[in-house]
Amino acid sequence: MEIAGTSDEQIVERALAGDGDAFGEIVRRWERRIFALAYGILGREEDARDATQETFIAAFRNLKGFRGDAKVSSWLHRIAVNQCITRQRRARVRGETSLEGAEEDGAQFVSELEASPAVSAEGREQTEAVRRAVNALPPELRSVVVMKEFEDLTFQEIADTLGVPLSTVKSRLYTALKQLRLRLEKHGVQAARV
Amino acid sequence: MNKIQEMNDCGRGEQLVAYLYGETGPDERAGFERHLSACAACHDELTAFGQVRETVGAWRAELLTHAPTVTTAGMIPAATAPRATRTDSHGRTSWGALREFFALSPAWVRYGSVAAALVVCALAALAVANAQVRYENGSFAFSTGLARETVKSPSVPQTLSANAGDAVPLDQLVAERDAAVRELQETRAQLDDSRAANIEAVYHEIDDTQPNDAGGPSAPNVEPTTRQRRSTGTQRKSARRATQGEDDLPRLIDLLSSGN
């Protein structure tokens, strides 16, 4: 089966036609981006892994509901954002509102990232500073800034996903950027040299 | 949230982010650019935000480079069969709905459920640990640690046990009981015959020794004669013999104990 040059939409059609391997190709193509999005919003590797798994499982279950009006990537990212928001709400109920200072005990992905030879010591410090600064944001601000910076969604798309007015998205993004600036300057991170 | 509502000194925070991300219309963009040329604070903030964006973007690139692969093996069946799993009206599985219920429940509900589950498990473990299955005299017996009642198979003969570990067949006990009852009845019949014979003998002896008594009443204040005293002693001896006949008979308790 030739899949390399096939679009996502065609692969979904194959999956709907009964091709058992087709959906696996969708997972391989998008799992890293979905994981990065989930990690940015949730801030914990374990939560991000779970959210990524749940995203693809939910997508597979609702494959027949995919109408092709939007791109497969947009559809997947919307599912992922919803999974992350649901997790954030559960965490809020449990009283876990802040990730500031959250340790990455046993987080294999983060330790690999920090141990990479391609990343300098200064880069590792800045990566850690950015991670801490983003994690320190309240969940509603963190979601907006990650959806904008990671997925380049429009203000209207973010507003529709979160169910909030357009002006709320802009004000949340402004506040998030302002807090990130203050925290990064506090850690001496001036510009992007990660 | 107060921080969400905060704007810059010019009150143009929303316009600033819209301009930063290129989501302004032509007129709005032109108007904000005119403001930027005259407002140092907005210009400085726009520059700083641009640097923040670059930093976050670089972090995202690092994440994408080192992001792990996610295992969905076993969760998604090889053959495409969407909605093969039972879900509720919200698209959740039963397990997912249960997890969400506990996730949104207050702490006392979660801890109470855990405590109840532990109690049930402890009782079940106790019952299993003390369960006994025995085979005695052709019958199976099952008992648990919670219910000491013994459940026996109805198809095999029942047994009674006089002492622990000493089971006697029920049929044998019934036969012994019937034999004791028969022996008791025979003994009672012999006793009645013997008593009647003794009484008859006493009456005859009295009649033989007092032939004149029937003639007239005796005077109450008169001393009995020697013959009368002797006659009275004879009556006592006869009565004593009749009583001795009852004493010589076996007692019921002895018969029952000898039967066992």
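On a predicted model such as this, the values are computed, not experimentally measured, just so you know. (Residues numbered from 1 in each chain as written. Chains lettered and ligands numbered in written order. Predicted model: local features only at pLDDT ≥ 70, side-chain atom pairs only at ≥ 80, totals over all residues.)

### Description of the overall build of chain A
Counting secondary structure elements, chain A contains 9 helices and 0 strands. Taken from the N to the C terminus, the helices and strands of chain A come in the order α-α-α-α-α-α-α-α-α. (Helix = DSSP H or I, 4+ residues; strand = E, 2+ residues; numbered from the N terminus.)

### Details of the overall build of chain B
Within chain B, the secondary structure is distributed over 9 helices and 5 strands. Beginning at the N terminus, the succession of helices and strands in chain B can be written as α-α-α-α-α-α-β-β-β-β-β-α-α-α. Counting over 260 residues, chain B shows a buried share of 9%. Taking the intrachain contacts of chain B between residues at least 6 apart in sequence as the baseline, contacts between residues at least 24 apart amount to 42%. (Buried ≥ 20, exposed ≤ 12 C-beta atoms within 10 Å, placed from the backbone. Contact = placed C-beta atoms within 7 Å.)

### Comments concerning helix H3 (residues 45-61) of chain A
An α-helical turn contains 3.6 residues, so a residue and the one three or four places further along point in the same direction. The end-to-end C-alpha distance of H3(A), which contains 17 residues, comes to 24 Å, matching closely the 24 Å that a straight helix rising 1.5 Å per residue would cover. Looking only at H3(A), the buried set comprises Glu45(A), Ala48(A), Arg49(A), Ala51(A), Thr52(A), Gln53(A), Glu54(A), Thr55(A), Phe56(A), Ala59(A) and Phe60(A). (Expected span 1.5 Å × (residues − 1).)

### Some details on helix H2 (residues 13-20) of chain B
For H2(B), the tally of buried residues reaches 7 of 8 residues, placing the bulk of the element in the interior. Looking only at H2(B), the buried set comprises Gly13(B), Gln15(B), Leu16(B), Val17(B), Ala18(B), Tyr19(B) and Leu20(B). The inward-facing, buried residues of H2(B) contact helix H9 (166-186) of chain A together with helix H3 (26-38) and helix H4 (40-66) of chain B. Remark: Gly22(B) follows H2(B) within two positions and exhibits a positive phi of approximately 70°.

### Quick look at the confidence of the model for chain B
All names here are of chain B. Considering every residue of chain B, the mean pLDDT works out to 71; 53% of them sit at 70 or more. When pLDDT is averaged over each helix and strand of chain B, the minimum, 42, is found for helix H1 (residues 2-5) and the maximum, 94, for H2. When the criterion is pLDDT under 50, residues 1-5 qualifies, and its contacts beyond four places in sequence or with other chains add up to 5 contacts. As a predicted assembly, this complex carries a pTM of 0.53 together with an ipTM value of 0.80. (pLDDT = per-residue confidence, 0-100.)

### Observations concerning the environment of Ile26(A)
Residue and element names in this part refer to chain A. Position of isoleucine 26 relative to the elements: it lies in helix H2 (residues 22-42). With 22 C-beta atoms packed within 10 Å, isoleucine 26 lands in the buried category. Along the sequence, isoleucine 26 and isoleucine 11 sit 15 residues apart, while their C-alpha atoms lie 7.4 Å from each other. Once residues lying within four places of it in the same chain are set aside, the contact partners of isoleucine 26 are Asp8, Ile11, Val12 and Val72.

### Points about the confidence of the model for chain A
Predicted confidence across chain A gives a mean pLDDT of 82, with 81% of residues reaching 70 or more. Taken element by element, chain A is modelled with least confidence in helix H5 (residues 108-114) of chain A, mean pLDDT 59, and with most confidence in H9(A), mean pLDDT 94.

### What to know about the packing of helix H7 (residues 139-151) of chain A against H9(A)
Residues and elements named next belong to chain A. It is at 9 Å that the axes of H7 and H9 come closest, and there the two elements cross at 95°. The pairing of H7 with H9 is recorded here as roughly perpendicular in orientation. Where H7 approaches H9, its residues Glu140, Leu141, Val144, Val145 and Lys148 are matched on the opposing element by Val169, Arg172, Leu173, Thr175 and Ala176. Here the residues of the contact of H7 with H9 are counted per class, giving 6 nonpolar, 1 polar and 3 charged. (Axes fitted to C-alpha atoms, helices over the stretch in contact; angles between N-to-C directions. Parallel < 35°, antiparallel > 145°, perpendicular 65-115°, else oblique. Nonpolar A, V, L, I, M, F, W, Y, C, P; charged D, E, K, R; others polar.)

### Some words on unusual backbone geometry
Backbone geometry follows two general trends: most residues other than glycine have a negative phi, and most peptide bonds adopt the trans configuration. Although it is not a glycine, Asp152(A) sits at a positive phi angle of roughly 55°. Structurally, Asp152(A) can be placed in the loop between H7 and helix H8 (155-162).

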